[in-house]
Amino acid sequence: KYRSKDDLSKSSARKEGVSGYLNAKGVSILAVLDDLAEKYQAKPAHIALAWISKQKGLVAPVASATNIAQINDLISASKIELSISDVLLLNAFSS
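Residues numbered from 1 in each chain as written. Predicted model: local features only at pLDDT ≥ 70, side-chain atom pairs only at ≥ 80, totals over all residues. Heavy atoms only, no water.

A. Seen up close, the overall build of the chain. Within the chain one finds five helices and zero strands. Seen in sequence order, the chain has helices and strands lined up from the N terminus as α-α-α-α-α. Put simply, the chain has 95 residues, and 24% of those count as buried. The long-range share in the chain, meaning contacts at least 24 apart out of those at least 6 apart in sequence, stands at 59%. Looking at the chain as shown, the accessible area adds up to about 6,700 Å², and 58% of this sits on carbon and sulfur atoms. (Helix = DSSP H or I, 4+ residues; strand = E, 2+ residues; numbered from the N terminus. Buried < 20%, exposed > 50% of the residue type's maximum accessible area, 1.4 Å probe, protein only. Contact = heavy atoms within 4.5 Å. Areas by Shrake-Rupley, 256 points an atom, 1.4 Å probe, with all protein chains shown as cover.)

B. Structural detail: the pattern of salt bridges. Following the criterion strictly, the structure yields three salt bridges and no others. The partner of K39 in a salt bridge is D86, and the shortest N-O contact between them spans 2.8 Å. Of the two residues, K39 sits in helix α2 (residues 24–40) while D86 sits in helix α5 (residues 84–94), which places them 47 residues apart along the sequence. Where K43 meets D73, a salt bridge forms, and the shortest distance between an N and an O atom there is 3.2 Å. (Salt bridge = Lys/Arg side-chain N within 4 Å of Asp/Glu carboxyl O.)

C. Structural context of the environment of V18. Summarising the element assignment, V18 is placed in helix α1 (residues 15–19). Between the C-alpha atom of V18 and that of Y2, which follows or precedes it by 16 residues, the distance is 7.7 Å. Here V18 is in contact with Y2 and L8, once residues within four sequence places are set aside.

D. Here's a closer look at the side chain of H46. Tracing the backbone shows H46 in helix α3 (residues 44–53). When its relative accessible area of 8% is taken as the criterion, H46 is described as buried.

E. Spatial organisation of a nonpolar patch on the surface. Together, I68, I71 and I75 make up an exposed nonpolar region whose accessible area comes to about 270 Å². Summarising the element assignment, I71 is placed in helix α4 (residues 68–77). (Patch = residues over 30% accessible without salt bridge, like charges linked within 9 Å, V, L, I, M, F, W, Y side chains within 5 Å.)

See below:
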């Protein structure tokens, strides 16, 4: 949703929390998410949720839905099985 500093003007409530992630590292992670979204024919957010679910330890991504379409969208994200190499790629870019 937020891919540049210009996007932050859309929501002042999240501006401060998100702005720290719109740096070179954050942009490179977004690029990898975009590439994998194309590969898996999914949304970048779906790839991010699938990636989080592959992390070791106790992981509980927080996602909310305000309508049935959003619930169905979240369910489809849970069905993505990332390859080990794709998980490692995301891990490398995020560390």
